[in-house]
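Here is what each chain is made of, one letter per residue.
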Amino acid sequence: MKKKAPGTIGLLCLLCIGIIAIIAYREYYRPHRSVEAETAIVVTAKQLSADYEKDEAASNKKYLGKALQVSGTVSDMSVNQQKKTVILLTASDMSGVQCSFQEGVNAIKKGDTLVIKGFCTGFLTDVIIDRCIIVR
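Procedures and definitions
- Residues numbered from 1 in each chain as written.
- Predicted model: local features only at pLDDT ≥ 70, side-chain atom pairs only at ≥ 80, totals over all residues.
- Heavy atoms only, no water.
- Helix = DSSP H or I, 4+ residues; strand = E, 2+ residues; numbered from the N terminus.
- Rg over C-alpha atoms; globule rule 2.2 N^0.38 Å.
- Buried < 20%, exposed > 50% of the residue type's maximum accessible area, 1.4 Å probe, protein only.
- Contact = heavy atoms within 4.5 Å.
- Lys, Arg positive; Asp, Glu negative; His and termini not counted.
- Charge placed at Lys NZ, Arg CZ, Asp CG, Glu CD.
- Salt bridge = Lys/Arg side-chain N within 4 Å of Asp/Glu carboxyl O.
- Phe/Tyr/Trp six-rings, centres within 6.5 Å; stacked < 30°, edge-to-face > 60°.
- Patch = residues over 30% accessible without salt bridge, like charges linked within 9 Å, V, L, I, M, F, W, Y side chains within 5 Å.
- Areas by Shrake-Rupley, 256 points an atom, 1.4 Å probe, with all protein chains shown as cover.

### Describing the overall build of the protein
Phase 1 of the analysis: Secondary structure summary: the protein contains three helices and six strands in total.
Phase 2 of the analysis: Counted from the first residue to the last, the protein has its helices and strands arranged as α-β-α-α-β-β-β-β-β.
Phase 3 of the analysis: Computed over C-alpha atoms, the radius of gyration of the protein comes to 22 Å, more than 25% over the 14 Å expected from 2.2 N^0.38 for 136 residues, which places it beyond the range of a compact globule.
Phase 4 of the analysis: Per-residue burial over the protein gives 31% buried out of 136 residues.
Phase 5 of the analysis: A separation of at least 24 residues holds for 60% of the contacts in the protein among residues at least 6 apart in sequence.
Phase 6 of the analysis: Within the protein, one finds 18 positive and 13 negative side-chain charges whose respective centroids are separated by 12 Å.

### Here's the deal with the pattern of salt bridges
Opposite charge on two side chains allows them to pair when their charged atoms are near.
Phase 1 of the analysis: A complete count under the given rule lists one salt bridge for this structure.
Phase 2 of the analysis: Where lysine 109 meets aspartate 112, a salt bridge forms, and the shortest distance between an N and an O atom there is 3.4 Å.

### Thoughts on the side chain of threonine 85
Phase 1 of the analysis: Inspection of the secondary structure puts threonine 85 in strand S3 (residues 85–90).
Phase 2 of the analysis: Discounting chain neighbours no more than four positions away, the residues touching threonine 85 are Met77, Ser78, Cys99, Ser100, Phe101, Gly104 and Val105.

### Some thoughts on unusual backbone geometry
Phase 1 of the analysis: One non-glycine residue, lysine 83, adopts positive backbone phi at about 65 degrees.
Phase 2 of the analysis: By the secondary structure assignment, lysine 83 is in the loop between strand S2 (67–79) and S3.

### A closer look at the packing of aromatic side chains
Phase 1 of the analysis: Tallying each qualifying case throughout the model produces four aromatic pairs.
Phase 2 of the analysis: Between tyrosine 25 and tyrosine 29, the ring centres sit 4.8 Å apart and the planes meet at 50 degrees, which makes this aromatic pair tilted.
Phase 3 of the analysis: The exposed category is assigned to tyrosine 25, whose relative accessible area is 53%.
Phase 4 of the analysis: Look at tyrosine 29 and you get exposed, because its relative accessible area is 54%.
Phase 5 of the analysis: A centroid spacing of 5.4 Å and a plane angle of 15 degrees characterise the contact between tyrosine 52 and phenylalanine 123, whose relative ring orientation is stacked. Of this pair, tyrosine 52 sits in helix H2 (residues 45–54) while phenylalanine 123 sits in strand S5 (residues 113–123); the two residues are 71 residues apart in sequence, bridging distant segments of the chain.
Phase 6 of the analysis: Relative accessible area serves as the criterion here: at 18%, phenylalanine 123 is assigned to the buried category.
Phase 7 of the analysis: Of the aromatic side chains, those joined through ring pairs into one cluster are Tyr25, Tyr28 and Tyr29.

### Concerning a nonpolar patch on the surface
Phase 1 of the analysis: A surface patch of nonpolar side chains, about 400 Å² in accessible area, is lined by Leu12, Leu15, Ile19 and Ile23.
Phase 2 of the analysis: Isoleucine 19 sits in the partly exposed class, given a relative accessible area of 45%.

Written as C-alpha cells, this is what we have:
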C-alpha cells in the first residue's frame with residue numbers, strides 16, 4: 001500500500017475551506033432583489049389570508065418568497081423593534097396581512113384602502129409581507 005504524503009490531507013482541507021469561504025462571501029454580498037423591479041402576483045388581502053388558512057403548504061408553494069401586490073383596508077398601524085412601520089390589512093376574523101415597510105409611511109390611517117407590494121415571508125397568525133412599498 002502506498003503512503004500519502006503527510007501534507008496531502010492538510011492541503012485538501014485548506015482547499016475545501018477556501019472554496020467554502022468563497023461561496024459564503026459571494027452569498028453574503030449578493031445584491032438584494034428590488035421589490036419595485038419584481039413582477040408581482042396580484043391578490044387581495046382576504047384571498048391571500050383565505051388561501052393560507054385553507055392550505056398553508058400549498059400557499060407557501062404559490063406565494064412564499066415571491067413578490068405580491070396586495071390590496072386591502074388598513075386595520076392597524078404600529079412600529080416594530082427595528083423602528084419600521086408595520087401595517088395590518090383586514091382579511092378575515094382569524095387573520096390579516098402584516099406588511100413591514102423599509103421606509104417611513106406618511107399620511108396613512110385606519111380605514112384607508114391601499115395597494116401594497118412586497119415579498120411574502122410566510123404565515124404565523126397573519127400572512128407576513130416584508131420590504132413593502134405602497135403602490136397606491
